[in-house]
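Working through the structure, step by step
Below are the chains, spelled out letter by letter.
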Amino acid sequence: MAKAAKTKLHPTKNPISENIRGSMVELLQTHLATAVDITYQTKQAHWNVKGMNFIAVHKLFDELHELTEDYVDTIAERLTALGGQAHGTVQAATENSVLDPYPLDLVKSEDHLKRLTESYAKWSAAVEKGIEEASEAGDPLTEDLLTGVGRGLDKSIYFMESHFQA
């Protein structure tokens, strides 16, 4: 169930109790940090990918980057609608992301695809837990937001894994 809020909240007319809003803000801060992190992991791959299928993978990474930027904005807006203060800087992402650091020496498209798939899958697992937490707390809108993010992550994983499945 929702834990006591550690986060200072801005006044709001949002009908959800302050306790639940505080716990959802904390949950969403983690997902905001992870969204920022994965956005730049994806851009790192986009900038540095090389290989026979360069243009297709380069474009795929750019499309995935755009999707993850939308997650950043959507999560930050929900967080602030609940009375929170979005911590959306790169420094905050480094401190709060659930992801492992992305290697800076990857070049081959296959290596980027495999490594990004791992990151997307790790975040997807965290999103699943977040959906459960939001449901148990009684916040259907945060639950729905995370469900949408999870659906998008699953599709992104499918697009990347399809390069290895035959």
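Further remarks concern the overall build of the chain. Helices and strands together make up the secondary structure of the chain, namely 5 helices and 0 strands. The helix and strand sequence of the chain, counted from the amino end, reads α-α-α-α-α. Against the compact-globule benchmark of 15 Å for 166 residues, the chain has a radius of gyration of 17 Å, which places it among compact chains. With the principal axes as the frame, the chain shows a C-alpha extent of 55 × 30 × 20 Å. Counting all 166 residues of the chain, 46% fall into the buried class. Counting only contacts in the chain whose residues sit at least 6 apart along the sequence, the fraction spanning at least 24 positions is 74%. Surface summary for the chain: the accessible area is close to 9000 Å², and the carbon and sulfur share equals 54%.

Let's shift gears to the nonpolar core. Phe 61, Ile 75, Tyr 120, Trp 123 and Met 160 are the most contacted members of the largest nonpolar core, which has 43 residues in total. Elements with a contribution of two residues or more to this core: α1 (18–48), α2 (54–81), α4 (109–137) and α5 (140–161). Among the elements that take part in this core, α1 stands out by supplying 11 residues, more than any other. The contact partners of Ile 75, leaving out residues within four places of it in the chain, are Leu 28, His 31, Leu 32, Ala 35, Trp 123 and Leu 145.

Inspection of the entire model under this criterion finds 2 aromatic pairs. Here the aromatic rings of Tyr 71 and Trp 123 are separated by 5.9 Å at their centres, their planes lie at 70°, and the arrangement is edge-to-face. Of this pair, Tyr 71 sits in helix α2 while Trp 123 sits in helix α4, placing them 52 residues apart in sequence. The residues Tyr 71 and Trp 123 share a single accessibility class, namely buried. The interplanar angle of 40° and the centroid separation of 5.4 Å between the aromatic rings of Tyr 158 and Phe 159 together place this pair among those described as tilted.

We now examine the pattern of salt bridges. Scanning the model with the defined rule gives 3 salt bridges in all. Taking the shortest distance from any N to any O, the salt bridge between Asp 139 and Arg 78 comes out at 2.8 Å. Remark: Arg 78 occurs in helix α2 and Asp 139 occurs in the loop between α4 and α5; sequence separation between them is 61 residues. Assigned by exposure class, Asp 139 and Arg 78 land together as buried.

Here we take up the environment of Ala 86. Within the element layout of this structure, Ala 86 appears in the loop between α2 and α3 (90–96). Here Ala 86 falls in the partly exposed class, since its relative accessible area comes to 31%. For the pair Ala 86 and Asp 73, spaced 13 residues apart in sequence, the C-alpha to C-alpha distance is 10.0 Å. Among all residues touching Ala 86, those that are not within four sequence positions of it are Gln 29, Leu 32, Ala 76, Leu 79 and Thr 80.

The rules behind the values
- Residues numbered from 1 in each chain as written.
- Predicted model: local features only at pLDDT ≥ 70, side-chain atom pairs only at ≥ 80, totals over all residues.
- Heavy atoms only, no water.
- Helix = DSSP H or I, 4+ residues; strand = E, 2+ residues; numbered from the N terminus.
- Rg over C-alpha atoms; globule rule 2.2 N^0.38 Å.
- Buried < 20%, exposed > 50% of the residue type's maximum accessible area, 1.4 Å probe, protein only.
- Contact = heavy atoms within 4.5 Å.
- Areas by Shrake-Rupley, 256 points an atom, 1.4 Å probe, with all protein chains shown as cover.
- Core = buried A, V, L, I, M, F, W, Y, C linked by side-chain atoms within 4.5 Å.
- Phe/Tyr/Trp six-rings, centres within 6.5 Å; stacked < 30°, edge-to-face > 60°.
- Salt bridge = Lys/Arg side-chain N within 4 Å of Asp/Glu carboxyl O.

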